[in-house]
Amino acid sequence: MDVARDPGRVRRALAALAGRVGHWTFVSTTSVYADTATRGQTARTAPLLAPSDVGPYGAAKVACERAFGGGALICRAGLIVGPGDPTGRFSYWVARLARGGEVLAPAEPEDPVQWIDVRDLAAWIVHAAERGLAGPFDAVAPPCTRRAFLDSCAAALGSACTYAWVDRAFLDRHGVERESGPFSLPLPLPDTIGDASRDVSATLAAGLSVRPLEETARDTLGWLETTGGPVTGLTADEEAALLTAWHAAERG
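## A word on the state of the cysteines
Each disulfide consists of a covalent bond between the sulfur atoms of two cysteine residues. With the rule as written, the count across this model stands at zero disulfides. Free of any disulfide, C75 has its nearest cysteine sulfur in C64, 14 Å distant. In this model C153 remains outside any disulfide bridge; the closest cysteine sulfur is found in C144, 8.3 Å from its own.

## Quick look at unusual backbone geometry
Along the chain, G55 connects to P56 via a cis peptide bond; the corresponding omega equals 0°. Cis peptide bonds are those with omega within 30 degrees of zero, and the linkage from A107 to E108 qualifies with 10°. Tracing the chain through its elements places E108 in the loop between β4 (101–106) and β5 (112–113). Non-glycine residue F183 carries a positive phi angle of around 50°. Locating F183 in the fold gives a position in the loop between β10 (177–178) and β11 (184–185).

## Section: the side chain of D2
Here D2 is to be found in the segment before α1 (7–16). Among buried Asp, Glu, Lys and Arg side chains, D2 stands out as unpaired, with K61 the closest opposite charge at 6.9 Å. Of the polar contacts made by the side chain of D2, one reaches the backbone nitrogen of A4; its length is 2.8 Å. Once residues lying within four places of it in the same chain are set aside, the contact partners of D2 are V10, A13, W24, T25, F26, V27 and F68.

## Considering the sheet that holds strand β1 (residues 25–29)
One open sheet accounts for three strands, arranged β1-β2-β7; its pairing is parallel. Of all strands in the sheet, those bounded by a partner on one side alone are β1 and β7 (135–139). Averaged over neighbouring strand pairs, the angle between their axes works out to 25° when direction is ignored. Two strands pair when backbone bridges link them, and strand β2 (residues 73–77) and β7 are joined in this way by five bridges, in the parallel orientation. The residue bridging R76 from the neighbouring strand is D138, located in β7. Contacting β1, β2 and β7, helix α4 (residues 118–131) runs over the sheet at an angle of about 170° to β2.

## Quick word on helix α9 (residues 236–251)
Here α9 contains 16 residues, and its C-alpha end-to-end distance of 23 Å stays within 8% of the 22 Å for a straight helix at 1.5 Å per residue. Among all positions of α9, only E239, L242, L243 and W246 are buried. Taken around the axis of α9, the buried residues stretch over an arc of 105°, which confines them to a single face. Seen from the open side of α9, the exposed residues pointing more than 90 degrees away from its buried face are D237, T244 and R251.

## Quick word on the nonpolar core
Core analysis: the largest hydrophobic core is formed by 37 residues, its most contacted members being W93, L97, F149, L150, Y163 and L185. Where this core is concerned, the elements lending two or more residues are α3 (89–99), β4, α5 (146–156), β9 (161–166), α6 (168–173), α8 (213–227) and α9. Dropping the residues within four chain positions of it, L97 is found in contact with V103, L150, C153, A154, L157, S159, C161 and Y163. Listed in part, the 14 residues of the second largest apolar core include V27, C75, A128 and A139.

About the thresholds
- Residue numbering note: each chain is counted from 1, following its sequence as written.
- Two thresholds apply to this predicted model, a pLDDT of at least 70 for residue-level local features and 80 or more for giving and counting side-chain atom pairs, whereas whole-chain, interface and lining totals are computed over all residues.
- Side-chain measures here rest on the full set of heavy atoms in the structure, leaving out hydrogens and waters.
- Put simply, a disulfide is two cysteine sulfurs that come within 2.5 Å.
- Secondary structure elements are taken from DSSP: a helix is a run of H or I of four residues or more, a strand is a run of E of two residues or more, and numbering for both begins at the N terminus.
- The rule is simple: take the accessible area with a 1.4 Å probe, protein chains only, and divide by the maximum for that residue type; under 20% is buried, over 50% is exposed, in between is partly exposed.
- When charges are counted, Lys and Arg contribute as positive and Asp and Glu as negative, whereas His and the chain ends are disregarded.
- Between Lys or Arg on one side and Asp or Glu on the other, a salt bridge is scored when a side-chain nitrogen of the former is within 4 Å of a carboxyl oxygen of the latter.
- Residues adjacent in sequence count toward polar contacts only when both atoms are side-chain atoms; beyond that, a polar contact is any pair of N or O atoms within 3.5 Å, and within protein one must be able to donate a hydrogen and the other to accept it.
- Only heavy atoms matter for contacts: two residues are in contact if any of them lie within 4.5 Å across the pair.
- At least two bridges found by DSSP between two strands is the condition for calling them paired.
- Axes here mean lines fitted to C-alpha atoms, for a helix over just the part in contact, with angles spanning 0 to 180 degrees between N-to-C directions.
- Take the residue count of a helix, subtract one, and multiply by 1.5 Å to get its expected span.
- What the arc describes is the spread of directions from the helix axis to the C-beta atoms.
- To qualify as a nonpolar core, a set must consist of buried Ala, Val, Leu, Ile, Met, Phe, Trp, Tyr and Cys residues joined through side-chain atoms within 4.5 Å.

As structure tokens, this is what we get:
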């Protein structure tokens, strides 16, 4: 099972272990796809980025995939979430929703969201390897709407929340970053919803089992409270200032 992002390292590993490995799994990413706007794409038919040995991340992963040929399982993971997540992206929403109150959320509420609990991903990788599966699969849960995502997490955490659905133009004007990092809202915006609405029926048929989002949210909050794990996104003060600006714009 290889998680590399450097095509040169992948080729060296393949050469060193040639003839000595019964099955290869390469953990890739849904960032390999060239079309980030079209909904409902499948792993076997969606167009890929041009491969590159020097990046960026998605293009380098395409080059890694090419090195394996057709005999390996290509596991294209989506947004990986749950306890232990070092990125703090999903954790941002868990921590924010646990506080309750009015939540700044990127419009539109009916746009799709997709994720995979790291525990479900790991279990499926082992299951697929044991079965000797090959070819590309998107390892991510079926999509739901942003509204359902936030409501489910809030309900699981026992929080009372309302939402200010702010549009992309407002976020861009105020310099809010996308998906990750400081001063960001870590959910994809409408121009990248193709990455959050993948057709994963083939992966489900191949044994992927997805736990309820509510369980992931509760377990993640417990991990955050126990370990002080990372949360990446807007601070409470930054969100409050943006909410004030948004409501002022609405009144204007």
